[in-house]
Amino acid sequence: MFKYYGKYAPYLFILPSAIVLVIFFFIPFFQTFLLSFLDYSHNIYKPEFIGLENYITLFNNPVFYKVMWNTFLYLIVAVPVLAVFPLFLAILINQKIKGVTLYKILIYLPVIVSIVVAAIAFKWLYADQGILNYIVTKLGLEPIGWLTDPNFALYSVIIVTIWKGIGYYMIIYLASLMSVPKELYEACDIDGANFLTKHLTVTIPHIMPTIALVTTISAISAMKVFAEIYVMTKGGPLNSSKTIVYYIYERAFENLDLGFASAMAVVLLVIVMIFSLINILFFERNKYQI
Amino acid sequence: MKGIKFKNLYAHIILIIVSLLSIFPFIWLISTSLKGSSENIFAYPPEIIPTDFTWANYIGVWDKVDFIGYFVNSMIVAGGTVILNLILSAMAGYPLARMEFRGKKITFFAVLATIMIPFQAIMLPVYLITLKLHLVDSVNNLAGFIGLIMPFAVNAFGIFLMRQAFLGVPKEMEEAAIVDGCNVWQVFWKVLLPMVKPSLAVLAIFTFIGSWGEFLWPSIVLTKESMYTLPVGVNNLQGMFSSNWRFIAAGSILSTIPILIFFLCMQRYFISGENEGAVKG
């Protein structure tokens, strides 16, 4: 095809996006590293260069390990559930049954509703004399401090994240299930395979790339949770539900300890970049072919 | 035949239970919001159907909270974010799909690299830059809105989505337009953009949902209550009405109505699965 555009046209078309990405992505990216070498705690207008000291403080801070452990627990609990349960639902919905659209709409509803409203709704369910504790006491157990007991708070918040993600991943799985050749299922039916063997031998191997994709994207979003924690627990009690992003927020915008918060942000950056790189290199490669 | 029906019964039971669990937190919130002051909202056993039914909580919270203001602010921010995303993503996607130029590869990978940078990790410098550019509501409302929008004015997902869309347009379209005397801008604006309308719609809808629900960034930059977007305003209800759960519930439900209508009108875009992973909400 002949070149109908001028020499500068491609650059002019890209320029507006480039300006936004440079100002709001690339400069902040490098500045995060820079800030992590500065100390703002004495004078917020005149930071001092202190080298790696923020990292030393960070790695000597027990809260850091608590926060990392909480984030790890978040991943360990939320990611497997979000990788497996929505797949199970998608398989059920993918059968020729009635009312599929209604089920999809209802299960997708939590995805579109604001996370703030979702967190408030759960806070109400979790209230000390709330409906969940009614069920608990009906079962003959002691009422649970869902958001006030350090042993439960983190898991109570994780449940909200899971609840809000199920519909999203279910739709991703549904799209991928459509690509499984029908003949394979027909062959299974002829062989008289039951529900479980049919899906273990045909469905799962066929959509393995999607399972891997869902695993990494749900891991990345679990690393980034903030609103649930902000609205429900503020990271408490006793830091028991504090994860990385909330900790960064708290140190940066409440304690104004910008250097320390940035060191924490660098830790988050490194972890998320590793996950994203795995994602791009292995699972979404075809999407980003030049 | 009987076996198949039996299996479907199980599927229905499970799907009904999951559907109920998906909406139950909202149902319970609605129930609480409709209970009058003579009804104990902590009653055991809990009552789903209010015995002292009333709209008073909705009226009360509506009088005390400027929901229209929050709604308008959210519309301005989400609307501005959508328009900028459409224009900027389409403009950047076009040369990446259709033109040869020096630095194309580097541009491509630079855009790809931004996917790996989570906003949450760079929000602190983004805030400092926004302050430096005076794009905050303490300067004036317009600056405040621009500050809310600009960090999300374009992203890699949008650019790649539009690039993919332009790749699917037949080259003859451009050739015919050039022969007809169009310049490059006209080719883009009059010929190519109408061809990628479906992708623009997908980008608009998912950007809108993302921007509408955004909580972290507005809660960092906003200082004036009159600038609050809906999520920030709803979170603020907790402080305003400390333990008045009837009002908090009514306010939360009120704030959800606009996005619920939007979702029900656009549901096929969300649940068809064709736009899977277009933009992570």
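Residues numbered from 1 in each chain as written. Chains lettered and ligands numbered in written order. Predicted model: local features only at pLDDT ≥ 70, side-chain atom pairs only at ≥ 80, totals over all residues.

## A closer look at the overall build of chain B
For clarity, the cut-off: Per the convention used, a helix needs a DSSP run of H or I reaching at least four residues, while a strand needs a run of E reaching at least two, with both numbered from the N terminus. What the globule rule says is 2.2 Å times the number of residues to the power 0.38, and the radius of gyration is computed from C-alpha atoms. Burial in this document is a count-based property: other C-beta atoms within 10 Å of a residue's C-beta are tallied, and the residue is buried at 20 or more, exposed at 12 or fewer, or partly exposed in between, with C-beta positions derived from the backbone.
The number of helices and strands found in chain B is 14 helices and 0 strands. On C-alpha atoms alone, chain B measures out to a radius of gyration of 24 Å, which is more than a quarter above the 19 Å that the 2.2 N^0.38 rule sets for 281 residues. Dimensions of chain B, computed from the C-alpha atoms along their principal axes, are close to 75 × 70 × 35 Å. When each of the 281 residues of chain B is scored for burial, the buried share is 44%.

## A look at the nonpolar core
What counts here: To define a nonpolar core, we join buried Ala, Val, Leu, Ile, Met, Phe, Trp, Tyr and Cys residues through C-beta atoms within 7 Å and take the resulting set. Delimitation of the domains relies on an automatic or database domain assignment.
Among the nonpolar cores identified, the biggest contains 164 residues, and Val116, Ala119, Ile120, Met170, Ile248, Met264 and Leu268 of chain A are the most heavily contacted of them. It is helix H7 (residues 153–177) of chain A that contributes the most residues to this core, 13 residues altogether. Counting residues domain by domain, this core receives three or more from each of domain 1 (2–54) and domain 2 (63–271) of chain B.

## A look at the interface of chain A and chain B
Applied cut-off: Whether two residues are in contact is decided by their C-beta atoms, placed from the backbone, lying within 7 Å. When residues are grouped by polarity, Ala, Val, Leu, Ile, Met, Phe, Trp, Tyr, Cys and Pro land in nonpolar, Asp, Glu, Lys and Arg in charged, and all others, Gly among them, in polar.
Opposite the 82 residues of chain A that make contact, chain B presents 79 residues. Among the elements that make up the side of chain A that touches chain B, the one with the highest residue count is helix H1 (residues 9–35) of chain A (17 residues). Taken together, the residues of the side of chain A that touches chain B break down into 68 nonpolar, 11 polar and 3 charged.

## Comments concerning the domain arrangement of chain B
Residue and element names in this part refer to chain B. Under the domain assignment used here, chain B contains domain 1 (2–54) and domain 2 (63–271). Just the C-alpha atoms count here: the centres of domain 1 and domain 2 sit 35 Å apart. Residue-level contacts link 6 residues of domain 1 with 6 residues of domain 2. Classifying every residue of the side of domain 1 that touches domain 2 by side-chain character gives 3 nonpolar, 2 polar and 1 charged.

## Side note on the packing of H7 of chain A against helix H10 (residues 208–223) of chain A
All names here are of chain A. Heads up, the rule is: To define axes, lines are fitted to C-alpha atoms, for helices over the stretch in contact only, and angles between the resulting N-to-C directions are given on a 0 to 180 degree scale. In this scheme, roughly parallel covers angles under 35 degrees and roughly antiparallel covers those over 145, while 65 to 115 is roughly perpendicular and the rest are oblique. Each crossing is labelled by how the near helix is turned from the far one, with a counterclockwise turn of less than a right angle marking it left-handed and a clockwise turn marking it right-handed.
For the pair H7 and H10, interaxial distance at closest approach is 11 Å and the crossing angle is 155°. Relative to H10, the element H7 lies roughly antiparallel. Crossing hand, H7 versus H10: right-handed. Packed against H7, whose contacting residues are Thr161, Gly165, Tyr169, Ile172, Tyr173 and Ser176, the element H10 presents Thr210, Val214, Ser218 and Ala222 at the interface. Split into classes, the residues belonging to the contact of H7 with H10 amount to 5 nonpolar, 5 polar and no charged.

## Considering the confidence of the model for chain B
Residues and elements named next belong to chain B. Threshold: The predictor attaches a confidence to each residue, and that confidence, scored 0 to 100, is pLDDT.
When pLDDT is averaged across chain B, the result is 90; 94% of the residues are at 70 or more. The low-confidence segment residues 277–281 (pLDDT under 50) makes 16 contacts with residues lying over four places distant or belonging to another chain. Scoring of the predicted complex yields 0.90 for pTM and 0.90 for ipTM.

## Remarks on the environment of tryptophan 217 of chain B
Residue and element names in this part refer to chain B. In this fold, tryptophan 217 is placed in helix H11 (residues 216–221). Through-space distance from the C-alpha of tryptophan 217 to that of phenylalanine 26 is 25 Å; in sequence the pair is 191 residues apart. Among residues more than four places away in sequence, those in contact with tryptophan 217 are Leu148 and Pro151.

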